[in-house]
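Chain by chain, the residues:
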Amino acid sequence: LAIILPNKRVNLFIIFVILLGIISGSIFLMILNENDKTLVINQISTFISNINSNNINNFGAFKNAIYENLVFVILIWILGMSMIGIIINIFLVYMKGFILGFSVSSLFLVYKYKGLLASVIYVFPTSIINVIITIIISVYSILFTINLWKIIFLRDHTNSMGKFLKKYLLVLFICLLLCLVSSLSEAYLIPSLLKLIIKLFI
């Protein structure tokens, strides 16, 4: 793990931001007014109904998923090469956790304890892969910014920026491959598993 994520402090910070986002997303759902909660319930119910009736455009879902994942990863990667971008990146990581917390809590809101099964299917493996992608790309974006800061302002040339840039490009390539796996899972695997869970338990 230390080879993939070389800085424990940055690793823990990113994990903390994601967890904070998940908790915030769950709490946000609880404090919504009744009209907004009803809207969320209707959207979840429609989504589950579409899955149950095979009314899902898998390829369309794949295109949307791959687009969103690629934009997220490439944006964080690019912003990591500027010192100002680190603040935006931290916010993007927080929002990733927020959306996950909100989505899982929404399933629980609609289907109560039965929704836990649907939540588990929703989280594994797609959301887990997405969290791993988020941790890897955001950790390296922060490390890139730190190295850039040291070179520009502290005149510290002990770490070669060229060497780190090669590693940074490799990380981008790995995360893009993981995005492909995650998007395929979200578009094809998750609907099938959710349909099975719906038939058996919901």
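What you are looking at is a predicted structure, and each value in this text was computed from that prediction instead of being measured.

Chemist: Explanation requested: the nonpolar core in the structure shown.
Modeler: It is characteristic of soluble globular proteins that their nonpolar side chains tend to be buried jointly. Membership of the largest hydrophobic core comes to 31 residues, with the highest contact counts inside it found for Ile-14, Val-73, Ile-137, Val-139 and Cys-175. Every element with two or more residues in this core is listed here: helix H1 (8-31), helix H3 (58-79), helix H4 (85-111), helix H5 (115-153) and helix H6 (161-201). In terms of residues, this core owes the most to one element, H5, which gives 10 residues. Once you skip the residues sitting within four places of it in the chain, Val-73 turns out to touch Ile-133, Ile-137, Leu-172, Cys-175, Leu-176 and Cys-179. The next biggest cluster of nonpolar side chains, apart from the first, holds 15 residues, and it includes Val-40, Ala-118, Ile-190 and Ile-198.

Chemist: Help me out: how do you make sense of a nonpolar patch on the surface in this one?
Modeler: A grouping of Ile-23, Ile-27, Phe-28, Met-30 and Ile-31 is seen on the molecular surface, where their side chains present a nonpolar patch of about 530 Å² in accessible area. Relative to the elements of secondary structure, Ile-31 occurs in helix H1.

Chemist: Before we go on, may I ask you to explain the confidence of the model for the chain in this structure?
Modeler: With 94% of its residues at a pLDDT of 70 or more, the chain has an overall mean of 88. Looking over the chain, one finds the lowest element-wise mean pLDDT in helix H2 (residues 34-52), namely 85, and the highest in H3, namely 96.

Chemist: I'm lost on H5 in this one. Help?
Modeler: Helical geometry: 3.6 residues make up each α-helical turn, so side chains three or four residues apart lie on a common side. Bending of H5 peaks at approximately 45 degrees at the position of Phe-124, with proline Pro-125 no more than four residues after it. Just downstream of H5, Arg-155 is the residue with a positive phi angle, here 55 degrees.

Cut-offs applied
- Residues numbered from 1 in each chain as written.
- Predicted model: local features only at pLDDT ≥ 70, side-chain atom pairs only at ≥ 80, totals over all residues.
- Heavy atoms only, no water.
- Core = buried A, V, L, I, M, F, W, Y, C linked by side-chain atoms within 4.5 Å.
- Buried < 20%, exposed > 50% of the residue type's maximum accessible area, 1.4 Å probe, protein only.
- Helix = DSSP H or I, 4+ residues; strand = E, 2+ residues; numbered from the N terminus.
- Contact = heavy atoms within 4.5 Å.
- Patch = residues over 30% accessible without salt bridge, like charges linked within 9 Å, V, L, I, M, F, W, Y side chains within 5 Å.
- Areas by Shrake-Rupley, 256 points an atom, 1.4 Å probe, with all protein chains shown as cover.
- Salt bridge = Lys/Arg side-chain N within 4 Å of Asp/Glu carboxyl O.
- pLDDT = per-residue confidence, 0-100.
- Bend = angle between axes of the 7 residues up to and from the residue.

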